[in-house]
Amino acid sequence: MQVPSVLKEMGYAHDSASGATAPKDEMILKLWVRHNNMRLPMAARPWAGICVQQGVDLALGLADYNEMLGQQEPADMAQAVRSAMSKYDEYKPRDWDSGKDAEEFDAFREHIPEMVAVGIASVKDCFSKANLIEGEYQRWLKVDGLDVPVMLYQDYSAGGMQADLKCSLLLRNPPKKDGTRSWRIPKPRTTPTWQQVMQQAVYWKATGQMPSLLFVTASGYHIANSQNCEALTEDSLNRAFNDAVRSWKTTQNLIRAAYGNWNTLAGLVQPDFNEISRRHGPSITQLARQLWSD
């Protein structure tokens, strides 16, 4: 797909499901950060989910999935957990949030093995009638009226179905009088957020496969699909996809209107510096203030 130079020059060569659900100031900030050869910071909570999925994939023979080779020989549980834990320990907690991320990083660690086991069970349950499961690889969707392709990575698929793994980590309880804190394992969600529905709608339009969401915690899982969740029916998915298309086209129109000028682009959207600071820390906030300076 030939991307117009007015879009490509500002780093907008493709979009994604997450791009459709992100606030516009966040989307512009992401392009600006990339333009400055920087990256948005990770956090312990999403990092734990990434590591859990690595363990699940390894145990299902779907690690580093190649669509030409298909599902491979699965690793045993011990190897899958070791791999997940090894990856988890590569992460360095944030140092600008008064220790919150570091505290969560330590708390999540002990529950990674249980979540890998529950995640494996959820995928096997979801695809119990399938002979082979496809893993995650890069796919593309062309949308009418959008001048860039949409890139997507679908976690699991087989037999006309697709599924996404959604991990819910421990939640913090308020501090006790002595300053210590306890944690609680949340119950698996049973209904998706609208942002999650939009993501699944994109995958559905790209592949024709009806979605399932695998809500996993350290204590259990719930599979939400069109049979037990109205939000994942075709009517709902169509509405969600239309929302995604409107969002992508808005981003495209903003970048076109800027015509290569970052100051013009910044002037079209109001930034939320409090949210930027909370999510991304001082370095990215400073970069954002340079973009949105008077």
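The structure this text deals with has already been given above.
Residues numbered from 1 in each chain as written. Predicted model: local features only at pLDDT ≥ 70, side-chain atom pairs only at ≥ 80, totals over all residues. Heavy atoms only, no water.

## Considerations on the packing of helix 8 (residues 194-207) against helix 9 (residues 234-258)
(1) Moving on: At a minimum axis distance of 8 Å, the contact between helix 8 and helix 9 shows a crossing angle of 95 degrees. On the basis of the axis angle, helix 8 is roughly perpendicular to helix 9. The residues of helix 9 that touch helix 8, namely those facing W194, V197, M198, Q200, A201, V202, W204 and K205, are E234, S236, L237, N238, R239, A240, F241, D243, A244 and W248.
(2) Moving on: Among the residues making up the contact of helix 8 with helix 9, the classes are represented as 11 nonpolar, 3 polar and 4 charged. (Axes fitted to C-alpha atoms, helices over the stretch in contact; angles between N-to-C directions. Helix = DSSP H or I, 4+ residues; strand = E, 2+ residues; numbered from the N terminus. Parallel < 35°, antiparallel > 145°, perpendicular 65-115°, else oblique. Contact = heavy atoms within 4.5 Å. Nonpolar A, V, L, I, M, F, W, Y, C, P; charged D, E, K, R; others polar.)

## A look at the layout of surface pockets
(1) Moving on: Here the second largest pocket is characterised by a volume of approximately 270 Å³.
(2) Moving on: Around the second largest pocket, the lining is made up of 16 residues, and of these C126, F127, M161, S212 and N225 lie nearest the centre.
(3) Moving on: Looking at the lining of the second largest pocket, its residues break down into 8 nonpolar, 6 polar and 2 charged. (1 Å grid on protein atoms, 1.4 Å probe; cavity = no way out; pocket = protein on both sides within 12 Å on 5 of 7 lines; lining within 4 Å. Points joined across faces, edges and corners; volume = space filled by probe spheres on them.)

## Brief notes about the packing of helix 3 (residues 24-35) against helix 9
(1) Moving on: Closest axis-to-axis distance for the helix 3/helix 9 pair is 11 Å, and the angle between their directions is 55 degrees. Classified by the interaxial angle, the pair formed by helix 3 and helix 9 is oblique. Crossing of helix 3 against helix 9: the hand is right-handed. Mapping the contact onto sequence places K24, M27 and L31 in helix 3 and S247, T250, T251, L254 and I255 in helix 9.
(2) Moving on: When grouped by side-chain class, the residues that make up the contact of helix 3 with helix 9 number 4 nonpolar, 3 polar and 1 charged. (Left-handed = near helix turned anticlockwise from the far one by under 90°.)

## Thoughts on helix 8
(1) Moving on: The end-to-end C-alpha distance of helix 8, which contains 14 residues, comes to 20 Å, matching closely the 20 Å that a straight helix rising 1.5 Å per residue would cover.
(2) Moving on: Residues of helix 8 that are buried include every one of Q196, V197, M198, Q199, Q200, A201, V202, Y203 and W204, and no others.
(3) Moving on: Looking one or two residues beyond helix 8, the residue adopting positive phi is G208, at roughly 80 degrees. (Expected span 1.5 Å × (residues − 1). Buried < 20%, exposed > 50% of the residue type's maximum accessible area, 1.4 Å probe, protein only.)

## Here's the deal with the sheet that holds strand 2 (residues 138-141)
(1) Moving on: An order of 1-3-2 is seen for the 3 strands of this open sheet, with the pairing classed as mixed. The strands lining the two open edges of the sheet, one partner per strand, are strand 1 (15-16) and strand 2.
(2) Moving on: The sheet contact formed by strand 1 and strand 3 (residues 150-153) spans 2 bridges and is parallel. Bridging across to strand 3, S16 finds its partner in M151. (Pairing = 2+ DSSP bridges.)

## Topic: the side chain of K166
(1) Moving on: Relative to the helices and strands, K166 resides in strand 5 (residues 161-167).
(2) Moving on: Residue class for K166 comes out buried when judged on its relative accessible area of 17%.
(3) Moving on: Discounting chain neighbours no more than four positions away, the residues touching K166 are Q196, Q199, L213, L214, F215 and V216.

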